[in-house]
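Here is what each chain is made of, one letter per residue.
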Amino acid sequence: MFLTKEEQEMCDGEYGETIRKSMDILVALGDIYGASGLVDITSAQVSGVSYKTIGDAGLEYLQDLARDGSGKATINASLNPPGTDLDNWEELGFPRDFAIKQNEIVDAYADLGISKTCTCTPYLVGNVPRFRDHVSWSESSAVAYVNSVIGARTNREGGPAALAAAIVGKTPLYGFHLDENRKANLVVNVTTELNGADFGALGYIIGKVVGGGVPYFKLQNTPDNNNLKTLGAALASSGSVALYHMENVTPEYELAGEADVEDIMFISEKEIAETRESLTTTDKEIDLVCLGCPHASLEEIKEVAAVVQGKTIKNKLWICTSVSVKATADRMGYTQIIESAGGNVVCDTCMVVAPIEDMGFEVIGVNSAKAANYVPSMCGLDVVYDDVENLIQFK
Ligand code: F3S
(Lines give C-alpha, C1' and ligand atoms only; values in the text may rest on other atoms or scores of the structure.)
Protein backbone atom coordinates (compact mmCIF):
# COMPACT_ATOMS: atom_id res chain seq x y z
CA MET A 1 0.00 0.00 0.00
CA PHE A 2 1.34 3.43 -0.91
CA LEU A 3 2.14 5.68 2.07
CA THR A 4 3.07 9.36 1.94
CA LYS A 5 6.23 10.53 3.69
CA GLU A 6 4.17 11.78 6.65
CA GLU A 7 2.27 8.49 6.90
CA GLN A 8 5.54 6.56 6.85
CA GLU A 9 6.84 8.76 9.70
CA MET A 10 3.67 7.97 11.64
CA CYS A 11 4.38 4.26 11.14
CA ASP A 12 7.95 4.79 12.32
CA GLY A 13 6.78 6.26 15.62
CA GLU A 14 7.84 9.84 14.96
CA TYR A 15 4.40 11.10 16.06
CA GLY A 16 4.24 8.96 19.21
CA GLU A 17 3.18 5.47 20.24
CA THR A 18 -0.61 5.93 19.98
CA ILE A 19 -0.35 7.02 16.37
CA ARG A 20 2.23 4.31 15.57
CA LYS A 21 -0.07 1.59 16.97
CA SER A 22 -3.04 3.04 15.10
CA MET A 23 -1.10 3.12 11.83
CA ASP A 24 -0.08 -0.52 12.38
CA ILE A 25 -3.78 -1.49 12.38
CA LEU A 26 -4.67 0.61 9.33
CA VAL A 27 -1.69 -0.55 7.25
CA ALA A 28 -2.31 -4.20 8.13
CA LEU A 29 -5.95 -3.85 7.06
CA GLY A 30 -5.00 -2.03 3.88
CA ASP A 31 -2.49 -4.73 2.98
CA ILE A 32 -4.98 -7.55 3.62
CA TYR A 33 -7.69 -5.96 1.45
CA GLY A 34 -5.42 -4.59 -1.30
CA ALA A 35 -6.00 -0.88 -0.57
CA SER A 36 -4.10 1.49 -2.85
CA GLY A 37 -3.42 3.90 0.03
CA LEU A 38 -5.09 5.78 2.87
CA VAL A 39 -7.89 8.30 2.38
CA ASP A 40 -8.85 11.23 4.66
CA ILE A 41 -12.03 10.74 6.66
CA THR A 42 -14.43 13.26 8.19
CA SER A 43 -16.11 11.07 10.80
CA ALA A 44 -15.71 7.93 12.89
CA GLN A 45 -18.15 5.81 14.89
CA VAL A 46 -16.42 3.42 17.25
CA SER A 47 -17.90 0.13 18.50
CA GLY A 48 -16.45 -2.17 21.16
CA VAL A 49 -17.75 -0.11 24.07
CA SER A 50 -19.79 -2.45 26.26
CA TYR A 51 -17.96 -4.06 29.16
CA LYS A 52 -20.07 -7.13 28.30
CA THR A 53 -18.30 -7.50 24.94
CA ILE A 54 -14.75 -6.19 25.53
CA GLY A 55 -14.26 -7.09 29.22
CA ASP A 56 -11.14 -6.30 31.28
CA ALA A 57 -8.76 -7.01 28.39
CA GLY A 58 -10.46 -4.33 26.27
CA LEU A 59 -10.44 -1.84 29.13
CA GLU A 60 -6.71 -2.38 29.73
CA TYR A 61 -5.95 -1.99 26.00
CA LEU A 62 -7.79 1.35 25.89
CA GLN A 63 -6.24 2.65 29.10
CA ASP A 64 -2.78 1.73 27.78
CA LEU A 65 -3.42 3.50 24.51
CA ALA A 66 -4.75 6.60 26.28
CA ARG A 67 -1.94 6.67 28.90
CA ASP A 68 0.67 7.46 26.26
CA GLY A 69 -1.19 10.71 25.52
CA SER A 70 0.41 11.13 22.10
CA GLY A 71 -2.69 10.71 19.93
CA LYS A 72 -6.30 11.82 20.06
CA ALA A 73 -9.13 11.74 17.53
CA THR A 74 -8.63 14.50 15.00
CA ILE A 75 -12.11 14.31 13.44
CA ASN A 76 -15.75 14.06 14.61
CA ALA A 77 -15.83 10.69 16.40
CA SER A 78 -18.47 9.19 18.66
CA LEU A 79 -19.04 5.95 20.57
CA ASN A 80 -21.41 3.04 20.11
CA PRO A 81 -23.74 2.05 23.01
CA PRO A 82 -22.11 0.88 26.24
CA GLY A 83 -23.67 -1.70 28.56
CA THR A 84 -25.36 0.76 30.94
CA ASP A 85 -27.17 4.06 31.12
CA LEU A 86 -24.01 5.92 32.12
CA ASP A 87 -25.79 8.38 34.44
CA ASN A 88 -28.84 6.48 35.73
CA TRP A 89 -27.49 2.93 36.02
CA GLU A 90 -28.22 2.67 39.71
CA GLU A 91 -31.90 3.61 39.62
CA LEU A 92 -32.45 1.38 36.55
CA GLY A 93 -31.00 -1.63 38.39
CA PHE A 94 -27.73 -2.21 36.49
CA PRO A 95 -25.13 -4.22 38.46
CA ARG A 96 -22.72 -1.87 40.31
CA ASP A 97 -19.42 -3.61 39.44
CA PHE A 98 -20.38 -3.72 35.77
CA ALA A 99 -21.39 -0.04 35.77
CA ILE A 100 -18.12 1.09 37.34
CA LYS A 101 -16.04 -0.79 34.74
CA GLN A 102 -18.32 0.55 32.02
CA ASN A 103 -17.68 4.15 33.00
CA GLU A 104 -13.92 3.49 33.05
CA ILE A 105 -14.13 2.24 29.45
CA VAL A 106 -16.02 5.30 28.27
CA ASP A 107 -13.57 7.59 30.13
CA ALA A 108 -10.62 5.89 28.39
CA TYR A 109 -12.25 6.49 25.01
CA ALA A 110 -12.87 10.13 25.98
CA ASP A 111 -9.15 10.44 26.82
CA LEU A 112 -8.53 9.35 23.23
CA GLY A 113 -10.77 12.16 21.99
CA ILE A 114 -13.86 10.07 21.21
CA SER A 115 -17.07 11.83 22.22
CA LYS A 116 -19.24 10.31 24.93
CA THR A 117 -22.20 10.53 22.54
CA CYS A 118 -22.88 6.84 22.95
CA THR A 119 -25.28 5.78 20.26
CA CYS A 120 -25.79 3.60 17.20
CA THR A 121 -27.74 6.49 15.59
CA PRO A 122 -25.03 9.20 15.65
CA TYR A 123 -26.57 10.63 12.48
CA LEU A 124 -29.49 11.87 14.64
CA VAL A 125 -27.25 13.75 17.06
CA GLY A 126 -24.43 15.62 15.38
CA ASN A 127 -22.15 13.01 13.83
CA VAL A 128 -23.56 13.50 10.33
CA PRO A 129 -21.21 13.11 7.37
CA ARG A 130 -21.97 14.65 3.98
CA PHE A 131 -22.82 12.79 0.77
CA ARG A 132 -19.69 11.03 -0.58
CA ASP A 133 -17.56 11.75 2.51
CA HIS A 134 -15.19 8.95 3.41
CA VAL A 135 -15.82 7.85 7.01
CA SER A 136 -14.92 4.97 9.32
CA TRP A 137 -17.95 3.58 11.12
CA SER A 138 -18.25 0.28 12.87
CA GLU A 139 -21.71 -0.44 14.27
CA SER A 140 -23.43 -2.46 11.55
CA SER A 141 -26.81 -0.65 11.48
CA ALA A 142 -25.06 2.73 11.50
CA VAL A 143 -22.83 1.55 8.64
CA ALA A 144 -25.90 0.53 6.61
CA TYR A 145 -27.55 3.90 7.27
CA VAL A 146 -24.55 6.11 6.54
CA ASN A 147 -23.69 4.28 3.31
CA SER A 148 -27.25 3.90 2.05
CA VAL A 149 -29.34 6.80 3.31
CA ILE A 150 -26.66 9.50 3.60
CA GLY A 151 -24.43 8.25 0.77
CA ALA A 152 -21.16 8.62 2.72
CA ARG A 153 -18.66 5.77 2.33
CA THR A 154 -17.44 3.26 4.87
CA ASN A 155 -16.63 -0.41 5.19
CA ARG A 156 -18.00 -2.37 8.16
CA GLU A 157 -15.06 -1.56 10.39
CA GLY A 158 -14.15 -3.38 13.56
CA GLY A 159 -13.96 -1.24 16.72
CA PRO A 160 -10.13 -1.08 16.85
CA ALA A 161 -9.91 -0.10 13.16
CA ALA A 162 -12.49 2.69 13.58
CA LEU A 163 -10.63 3.93 16.67
CA ALA A 164 -7.32 3.88 14.78
CA ALA A 165 -8.94 5.74 11.88
CA ALA A 166 -10.37 8.36 14.27
CA ILE A 167 -6.90 8.97 15.75
CA VAL A 168 -5.06 9.11 12.42
CA GLY A 169 -7.92 10.79 10.50
CA LYS A 170 -7.56 8.30 7.63
CA THR A 171 -8.74 4.84 6.58
CA PRO A 172 -7.57 2.35 3.92
CA LEU A 173 -9.10 2.99 0.50
CA TYR A 174 -10.87 -0.20 -0.60
CA GLY A 175 -14.31 -1.87 -0.59
CA PHE A 176 -17.29 0.47 -0.22
CA HIS A 177 -15.07 3.55 -0.56
CA LEU A 178 -14.84 2.76 -4.29
CA ASP A 179 -17.60 3.35 -6.89
CA GLU A 180 -17.29 -0.11 -8.43
CA ASN A 181 -18.19 -1.85 -5.17
CA ARG A 182 -21.35 0.20 -4.64
CA LYS A 183 -23.36 -1.43 -7.46
CA ALA A 184 -26.45 -3.53 -6.67
CA ASN A 185 -26.37 -7.30 -7.16
CA LEU A 186 -29.94 -8.24 -6.18
CA VAL A 187 -33.22 -6.50 -7.09
CA VAL A 188 -36.00 -6.95 -4.53
CA ASN A 189 -39.56 -6.19 -5.66
CA VAL A 190 -41.86 -5.88 -2.66
CA THR A 191 -45.43 -6.48 -3.77
CA THR A 192 -47.21 -5.30 -0.62
CA GLU A 193 -47.25 -2.08 1.41
CA LEU A 194 -45.03 -2.19 4.50
CA ASN A 195 -45.65 -0.74 7.95
CA GLY A 196 -43.86 -0.79 11.34
CA ALA A 197 -42.16 -4.11 12.08
CA ASP A 198 -42.66 -5.23 8.42
CA PHE A 199 -39.49 -3.30 7.54
CA GLY A 200 -37.43 -5.37 9.96
CA ALA A 201 -38.96 -8.57 8.58
CA LEU A 202 -38.06 -7.53 5.02
CA GLY A 203 -34.46 -6.76 6.07
CA TYR A 204 -34.22 -10.06 7.91
CA ILE A 205 -35.33 -12.04 4.81
CA ILE A 206 -33.07 -10.20 2.38
CA GLY A 207 -29.99 -10.12 4.65
CA LYS A 208 -30.06 -13.92 4.74
CA VAL A 209 -30.27 -14.13 0.94
CA VAL A 210 -27.75 -11.46 -0.03
CA GLY A 211 -25.10 -11.93 2.70
CA GLY A 212 -22.56 -9.16 2.12
CA GLY A 213 -24.08 -8.07 -1.21
CA VAL A 214 -25.89 -4.88 -2.18
CA PRO A 215 -29.70 -5.20 -2.52
CA TYR A 216 -31.79 -2.76 -4.55
CA PHE A 217 -35.35 -2.35 -3.23
CA LYS A 218 -38.51 -1.38 -5.09
CA LEU A 219 -41.30 -0.70 -2.56
CA GLN A 220 -45.01 0.02 -2.91
CA ASN A 221 -44.95 2.83 -0.33
CA THR A 222 -42.36 5.44 0.68
CA PRO A 223 -40.59 4.71 3.98
CA ASP A 224 -39.53 7.37 6.48
CA ASN A 225 -36.05 7.60 8.03
CA ASN A 226 -37.11 5.48 11.01
CA ASN A 227 -38.23 2.69 8.65
CA LEU A 228 -34.91 2.94 6.81
CA LYS A 229 -32.85 2.58 9.97
CA THR A 230 -34.96 -0.43 11.00
CA LEU A 231 -34.52 -2.03 7.58
CA GLY A 232 -30.75 -1.44 7.52
CA ALA A 233 -30.30 -2.88 11.02
CA ALA A 234 -32.11 -6.08 10.05
CA LEU A 235 -30.17 -6.43 6.76
CA ALA A 236 -26.92 -6.01 8.66
CA SER A 237 -27.80 -8.59 11.31
CA SER A 238 -29.17 -11.58 9.35
CA GLY A 239 -26.60 -10.82 6.62
CA SER A 240 -23.59 -8.55 6.60
CA VAL A 241 -25.10 -5.87 4.38
CA ALA A 242 -23.24 -2.53 4.49
CA LEU A 243 -25.10 -0.79 1.67
CA TYR A 244 -28.52 -0.97 0.05
CA HIS A 245 -30.29 1.16 -2.52
CA MET A 246 -33.97 2.02 -2.71
CA GLU A 247 -35.63 3.31 -5.84
CA ASN A 248 -36.60 7.00 -5.62
CA VAL A 249 -35.47 7.11 -1.97
CA THR A 250 -31.73 6.66 -1.37
CA PRO A 251 -29.25 9.10 -2.95
CA GLU A 252 -27.25 6.69 -5.12
CA TYR A 253 -30.06 4.51 -6.51
CA GLU A 254 -29.57 5.82 -10.05
CA LEU A 255 -25.89 4.80 -9.94
CA ALA A 256 -26.61 1.30 -8.62
CA GLY A 257 -26.77 -0.32 -12.08
CA GLU A 258 -30.17 -1.90 -11.38
CA ALA A 259 -30.87 -2.51 -15.09
CA ASP A 260 -27.85 -4.86 -15.30
CA VAL A 261 -28.76 -6.97 -12.26
CA GLU A 262 -29.78 -10.52 -13.15
CA ASP A 263 -30.90 -11.73 -9.70
CA ILE A 264 -34.46 -10.59 -9.04
CA MET A 265 -36.72 -11.53 -6.10
CA PHE A 266 -40.34 -10.86 -5.22
CA ILE A 267 -41.46 -10.50 -1.60
CA SER A 268 -45.17 -10.79 -0.84
CA GLU A 269 -47.38 -10.04 2.16
CA LYS A 270 -47.33 -13.76 3.03
CA GLU A 271 -43.53 -13.91 3.37
CA ILE A 272 -43.47 -10.77 5.51
CA ALA A 273 -46.19 -12.20 7.80
CA GLU A 274 -44.44 -15.60 8.11
CA THR A 275 -41.11 -13.97 8.93
CA ARG A 276 -42.68 -11.71 11.56
CA GLU A 277 -44.13 -14.79 13.22
CA SER A 278 -40.89 -16.79 13.00
CA LEU A 279 -38.91 -14.11 14.85
CA THR A 280 -40.93 -14.72 18.04
CA THR A 281 -39.37 -17.50 20.13
CA THR A 282 -41.97 -18.01 22.90
CA ASP A 283 -45.63 -17.64 23.79
CA LYS A 284 -44.80 -16.65 27.38
CA GLU A 285 -45.63 -13.22 28.85
CA ILE A 286 -43.23 -10.37 28.09
CA ASP A 287 -41.25 -9.08 31.14
CA LEU A 288 -39.58 -6.16 29.41
CA VAL A 289 -40.65 -4.33 26.27
CA CYS A 290 -37.43 -2.90 24.91
CA LEU A 291 -37.67 -0.43 22.03
CA GLY A 292 -35.05 1.66 20.28
CA CYS A 293 -32.98 -0.74 18.20
CA PRO A 294 -31.40 1.16 16.51
CA HIS A 295 -31.60 3.93 19.12
CA ALA A 296 -34.93 5.74 19.04
CA SER A 297 -35.46 9.05 17.29
CA LEU A 298 -37.53 11.82 18.89
CA GLU A 299 -40.51 10.91 16.66
CA GLU A 300 -40.39 7.29 17.82
CA ILE A 301 -40.38 8.39 21.48
CA LYS A 302 -43.30 10.71 20.73
CA GLU A 303 -45.24 7.80 19.20
CA VAL A 304 -44.65 5.63 22.27
CA ALA A 305 -45.72 8.49 24.54
CA ALA A 306 -48.97 8.72 22.58
CA VAL A 307 -49.59 4.97 23.01
CA VAL A 308 -49.07 4.98 26.82
CA GLN A 309 -50.43 8.41 27.74
CA GLY A 310 -52.77 8.25 30.74
CA LYS A 311 -52.40 4.46 31.14
CA THR A 312 -50.43 2.13 33.45
CA ILE A 313 -48.05 -0.33 31.81
CA LYS A 314 -48.23 -3.94 33.04
CA ASN A 315 -44.79 -5.15 31.90
CA LYS A 316 -41.61 -3.04 32.13
CA LEU A 317 -40.84 -0.69 29.25
CA TRP A 318 -37.50 0.72 28.14
CA ILE A 319 -36.99 2.98 25.15
CA CYS A 320 -33.29 3.13 24.39
CA THR A 321 -31.88 6.30 22.89
CA SER A 322 -28.97 8.73 23.06
CA VAL A 323 -28.62 11.23 25.89
CA SER A 324 -29.09 14.06 23.34
CA VAL A 325 -32.43 12.77 22.02
CA LYS A 326 -33.63 12.14 25.57
CA ALA A 327 -32.83 15.74 26.51
CA THR A 328 -35.27 16.91 23.84
CA ALA A 329 -37.83 14.25 24.83
CA ASP A 330 -37.59 15.62 28.40
CA ARG A 331 -38.28 19.15 27.19
CA MET A 332 -41.20 18.02 25.06
CA GLY A 333 -42.77 16.21 28.03
CA TYR A 334 -42.60 12.77 26.33
CA THR A 335 -40.31 11.34 29.01
CA GLN A 336 -42.68 12.40 31.75
CA ILE A 337 -45.67 10.83 30.00
CA ILE A 338 -43.75 7.55 29.60
CA GLU A 339 -42.50 7.59 33.20
CA SER A 340 -45.98 8.34 34.54
CA ALA A 341 -47.20 5.22 32.73
CA GLY A 342 -44.41 3.18 34.36
CA GLY A 343 -41.83 3.11 31.52
CA ASN A 344 -38.32 4.50 31.20
CA VAL A 345 -36.39 6.35 28.53
CA VAL A 346 -32.99 4.70 28.89
CA CYS A 347 -29.86 6.48 27.63
CA ASP A 348 -26.73 5.13 25.98
CA THR A 349 -27.24 1.37 26.20
CA CYS A 350 -29.54 -1.16 24.50
CA MET A 351 -31.14 -4.59 25.01
CA VAL A 352 -28.26 -6.42 23.32
CA VAL A 353 -25.16 -4.86 24.89
CA ALA A 354 -26.65 -4.39 28.39
CA PRO A 355 -26.37 -7.34 30.82
CA ILE A 356 -30.18 -7.85 30.77
CA GLU A 357 -29.72 -11.58 31.34
CA ASP A 358 -28.38 -10.70 34.83
CA MET A 359 -31.24 -8.31 35.64
CA GLY A 360 -34.05 -10.81 36.17
CA PHE A 361 -35.67 -10.64 32.70
CA GLU A 362 -36.65 -13.72 30.68
CA VAL A 363 -38.83 -12.58 27.79
CA ILE A 364 -38.10 -9.37 25.88
CA GLY A 365 -40.64 -7.71 23.58
CA VAL A 366 -39.00 -6.01 20.58
CA ASN A 367 -40.07 -4.28 17.37
CA SER A 368 -36.61 -4.65 15.81
CA ALA A 369 -35.64 -7.72 13.79
CA LYS A 370 -32.01 -7.08 14.72
CA ALA A 371 -32.87 -7.27 18.41
CA ALA A 372 -35.05 -10.34 17.78
CA ASN A 373 -32.08 -11.96 16.07
CA TYR A 374 -29.46 -11.08 18.74
CA VAL A 375 -31.28 -11.16 22.11
CA PRO A 376 -31.63 -14.99 22.05
CA SER A 377 -28.04 -15.56 20.87
CA MET A 378 -26.23 -12.86 22.87
CA CYS A 379 -28.36 -12.73 26.03
CA GLY A 380 -29.88 -16.23 26.05
CA LEU A 381 -33.43 -14.82 26.48
CA ASP A 382 -36.67 -15.32 24.56
CA VAL A 383 -38.20 -12.61 22.37
CA VAL A 384 -41.61 -11.58 21.11
CA TYR A 385 -41.46 -9.62 17.83
CA ASP A 386 -44.33 -7.25 17.03
CA ASP A 387 -45.40 -3.62 16.63
CA VAL A 388 -45.19 -1.30 19.64
CA GLU A 389 -48.95 -1.15 20.26
CA ASN A 390 -49.17 -4.96 20.42
CA LEU A 391 -46.16 -5.39 22.72
CA ILE A 392 -47.13 -3.00 25.50
CA GLN A 393 -49.74 -4.43 27.87
CA PHE A 394 -51.73 -2.23 30.26
CA LYS A 395 -53.19 -2.87 33.70
FE1 F3S B 1 -28.09 -0.26 18.32
FE2 F3S B 1 -28.03 -2.09 20.17
FE3 F3S B 1 -29.68 -2.36 18.17
S4 F3S B 1 -26.29 -1.09 19.29
S5 F3S B 1 -28.69 -1.34 16.47
S6 F3S B 1 -29.73 -0.74 19.72
S7 F3S B 1 -28.47 -3.98 19.07
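Since the model is a prediction, treat every value here as computed from it, not as a measurement. (Residues numbered from 1 in each chain as written. Predicted model: local features only at pLDDT ≥ 70, side-chain atom pairs only at ≥ 80, totals over all residues. Heavy atoms only, no water.)

Neighbouring residues of the ligand: Pro81, Cys120, Glu139, Ser141, Gly292, Cys293, Pro294, Cys350, Val352 and Lys370. If you map the ligand onto the pockets, it falls in the second largest pocket. Here the residues of the shell around the ligand are counted per class, giving 6 nonpolar, 2 polar and 2 charged. Taken domain by domain, the shell around the ligand gets at least three of its residues from each of domain 1 (5–178) and domain 3 (279–391). (Near = heavy atom within 4 Å. 1 Å grid on protein atoms, 1.4 Å probe; cavity = no way out; pocket = protein on both sides within 12 Å on 5 of 7 lines; lining within 4 Å. Sits in = over half its atoms within 2 Å of the grid points. Nonpolar A, V, L, I, M, F, W, Y, C, P; charged D, E, K, R; others polar. Domains from an automatic or database assignment.)

The 4 strands are arranged S9-S8-S7-S10 in an open sheet whose pairing can be described as parallel. With one partner strand each, in any of the chains shown, strand S9 (245–246) and strand S10 (264–267) form the two edges of the open sheet. The pairing of strand S7 (residues 186–190) with S10 spans 4 bridges and is parallel. When the bridges of S10 are listed, Val188 appears paired with Met265. The strands touched by helix H8 (residues 198–210) within the sheet are S7, strand S8 (215–218) and S10, with S7 carrying the most contacts at an inclination of about 155°. (Pairing = 2+ DSSP bridges. Helix = DSSP H or I, 4+ residues; strand = E, 2+ residues; numbered from the N terminus. Contact = heavy atoms within 4.5 Å. Axes fitted to C-alpha atoms, helices over the stretch in contact; angles between N-to-C directions.)

With that out of the way, let us pick up the pattern of salt bridges. Enumeration according to the criterion identifies 23 salt bridges in this entry. The partner of Lys101 in a salt bridge is Asp56, and the shortest N-O contact between them spans 3.2 Å. In this pair, Lys101 is assigned in helix H5 (residues 96–111) and Asp56 in helix H3 (residues 51–68), connecting sequence segments 45 residues apart. The class of Lys101 is partly exposed, set by a relative accessible area of 29%. Across the pair Arg153 and Asp179 runs a salt bridge, and its minimum N-O distance is 2.8 Å. On the criterion of sequence distance, the pair formed by Arg153 in the loop between helix H6 (140–150) and helix H7 (159–168) and Asp179 in the loop between strand S6 (170–172) and S7 is long-range, its members being 26 residues apart. We classify Arg153 as buried; its relative accessible area is 5%. Each of Arg153, Asp179, Arg182 and Glu252 takes part in a single network of salt bridges with overlapping partners. (Salt bridge = Lys/Arg side-chain N within 4 Å of Asp/Glu carboxyl O. Buried < 20%, exposed > 50% of the residue type's maximum accessible area, 1.4 Å probe, protein only.)

Interface size, as often reported, equals the accessible area lost upon joining of the parts. By domain assignment, the chain separates into domain 1 (5–178), domain 2 (182–277) and domain 3 (279–391). Computed from C-alpha atoms alone, the centre-to-centre distance between domain 1 and domain 3 is 26 Å. Taken together, the 24 residues of domain 1 in the interface contact 24 residues of domain 3. Of the roughly 1,800 Å² buried at the junction of domain 1 and domain 3 (both faces included), carbon and sulfur atoms supply 63%. Counting the surface domain 1 buries against domain 3, the share from its top three residues, Lys52, Leu92 and Phe94, is 27%. Taken together, domain 1 and domain 3 are joined by 2 salt bridges. Across the pair Glu139 and Lys370 runs a salt bridge, and its minimum N-O distance is 2.4 Å. Connecting domain 1 to domain 3 are 11 residue pairs in polar contact (both at pLDDT 80 or more). Contributing elements (two or more residues each) for the side of domain 1 that touches domain 3: H3 and H6. (Buried area = accessible area lost by both parts, 1.4 Å probe. Polar contact = N/O pair within 3.5 Å; in protein donor to acceptor, adjacent residues only side chain to side chain.)

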